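Close look at the chain arrangement
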Amino acid sequence: MNENITKLAAISSKQERIIIGLMSGTSMDGLDVTVCRVKGTGFGTTILIEEFETVPYETGFKKTMAATCFKEQVSLQELTLLHAAIGDHHADIINALLAKWNIQKGNVDLIASHGQTVYHAPAHQHRLPQYGHATLQIGEADRIAVKTGIITVSDFRQKNIAGGGEGAPLAAYGDLLLFAEKDRDVVMLNIGGIANFSFLPAAGTMICSDIGPGNTLMDQWMTLNFPGKYFDENASVAMRGTVNPHVLAALKAHSFFSAPFPKTTGPELFNLDVVHNAITVANAGGISAEDIMATLNVFTADMICEAIRSVTGGGNYKLYISGGGMHNPLLLQHLKAGLHKAEWHDTVEKHIDPDAKEAILFALLANECVAGNPEVFKGISEKMPAVSMGKISFPG
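On a predicted model such as this, the values are computed, not experimentally measured, just so you know.

The residue Asn196 is located in strand E8 (residues 194-200) in this model. Ignoring sequence-local partners within four residues, the contact set of Asn196 consists of Pro169, Ala171, Met188, Leu189, Asn190, Ser209, Asp210 and Ile211.

With that settled, consider the packing of helix H8 (residues 216-225) against helix H12 (residues 289-312). Viewed as axis vectors pointing N to C, H8 and H12 meet at an angle of 170°, and their least axial separation amounts to 9 Å. The orientation of H8 with respect to H12, classified from their angle, is roughly antiparallel. For the pair H8 and H12, contact is made by Leu217, Met218, Trp221, Met222 and Asn225 and by Ala289, Ile292, Met293, Leu296, Asn297, Phe299 and Thr300, respectively. In terms of residue class, the contact of H8 with H12 is made up of 9 nonpolar, 3 polar and no charged.

Moving on, we get to the pattern of salt bridges. Scanning the entire structure with this criterion turns up 14 salt bridges. Linking Asp302 and Lys252 is a salt bridge whose minimum nitrogen-to-oxygen distance equals 2.8 Å. You can see Asp302 sitting in helix H12 and its partner Lys252 sitting in helix H10 (residues 245-252), a full 50 residues away along the chain. Note that Lys378 and Glu375 form a salt bridge whose closest N and O atoms lie 3.8 Å from each other. Among the charged side chains, a salt-bridge network with shared partners connects Glu16, Arg37, Lys39 and Glu50.

In this section: the nonpolar core. Counting 52 residues, the largest nonpolar core has Leu189, Trp221, Leu296, Leu319 and Leu335 as the members making the most contacts within it. With 13 residues, the top contributor of residues to this core is H12. Leu335 has contacts with Leu189, Ile191, Ala301, Ile304, Cys305, Ile321 and Trp344, leaving out every residue within four places of it along the chain. Counting 43 residues, the second-largest nonpolar core is a separate cluster that includes Ile47, Leu110, Leu170 and Val370.

What counts as what
Residues numbered from 1 in each chain as written. Predicted model: local features only at pLDDT ≥ 70, side-chain atom pairs only at ≥ 80, totals over all residues. Heavy atoms only, no water. Helix = DSSP H or I, 4+ residues; strand = E, 2+ residues; numbered from the N terminus. Contact = heavy atoms within 4.5 Å. Axes fitted to C-alpha atoms, helices over the stretch in contact; angles between N-to-C directions. Parallel < 35°, antiparallel > 145°, perpendicular 65-115°, else oblique. Nonpolar A, V, L, I, M, F, W, Y, C, P; charged D, E, K, R; others polar. Salt bridge = Lys/Arg side-chain N within 4 Å of Asp/Glu carboxyl O. Core = buried A, V, L, I, M, F, W, Y, C linked by side-chain atoms within 4.5 Å. Buried < 20%, exposed > 50% of the residue type's maximum accessible area, 1.4 Å probe, protein only.

Next comes the structure, spelled out in structure tokens:
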């Protein structure tokens with residue numbers, strides 16, 4: 001038997017596994033790296049976070065990615081080269097962090113790599129009847145496996161689509177395993193570039209869906225209007241502005257919000273064209289950059305609140321928040337005002353750093369890939385196919 005297969009079989013039969021989870025989101029600000037000690041599988045899974053760090057991308061590397069990601073037309077050469085370069089860069093980051101943390105590579109069982117989304121194309125977005133849902137993440141996992149010497153599991157979204165899902169948000173699987181409660185409704189809200197939620201009712205079918213913009217429109221507006229700034233730190237720009245009700249109404253009129261849950265989206269749909277169109281519709285050509293930031297902040301919060309209220313039915317529930325948006329104080333203020341029936345909790349209560357939550361998710365999916373049984377997800381939700389996600393790359 002191939003020695004890599006033998007090693008993988010041994011890993012799958014372990015009582016616990018050390019898995020490195022990687023996440024690079026639509027904001028493209030850096031790579032989240034977490035070292036997880038995972039015991040068991042399915043609903044018997046427990047997880048201990050041993051290390052976590054976000055490694056920021058250098059400005060030049062971020063600009064290179066931004067020139068390729070979420071665009072309908074790109075250079076095939078640039079896309080091909082970036083696929084390899086991201087894999088190499090992520091491997092270099094892992095090697096450096098393992099040395100920093102004094103962790104021997106031989107003690108790590110798996111790397112779980114989400115990769116970098118360059119284009120997400122659900123059917124409702126591309127509207128080409130000859131095609132179904134599709135998505136593309138790059139960051140060649142073979143290069144990660146070879147450069148680190150660690151078996152790497154990657155490209156999780158493809159099997160989800162093949163099984164009948166839209167490829168996102170995959171948070172539902174981890175949320176269900178780690179946060180569902182038998183006697184209480186729970187909402188998991190993640191605000192990355194795109195905002196998404198998992199509604200875990202004590203009784204009934206769970207719902208997991210994208211909501212719409214999280215940080216993406218605010219970040220894009222900052223990058224365009226405030227050179228050298230990639231996000232609104234402490235909401236300082238939005239706090240100087242005034243909400244324009246006409247621009248806000250034009251943003252809320254986007255057709256995406258009238259579609260039923262579950263649904264997915266990305267910066268391919270929610271980009272600066274949406275903002276400029278809203279300004280035109282509202283006849284607000286002279287509006288200040290600060291006023292737009294204030295309006296985008298409220299817009300993001302309002303759509304999140306409307307989405308969560310629509311699934312919780314106005315009842316009381318526990319709400320956990322994660323993602324970069326949780327650090328925006330003005331956005332959080334708007335959310336707490338709009339979701340006043342929620343009982344706000346911190347994922348730290350479950351021993352999970354909220355900033356590490358998505359990287360942890362992919363460690364969980366890798367664990368399920370090599371040792372779990374996808375049948376545990378059967379019947380959970382129409383858009384959550386019971387499949388084993390991830391492709392396996394060997395170091396040699």
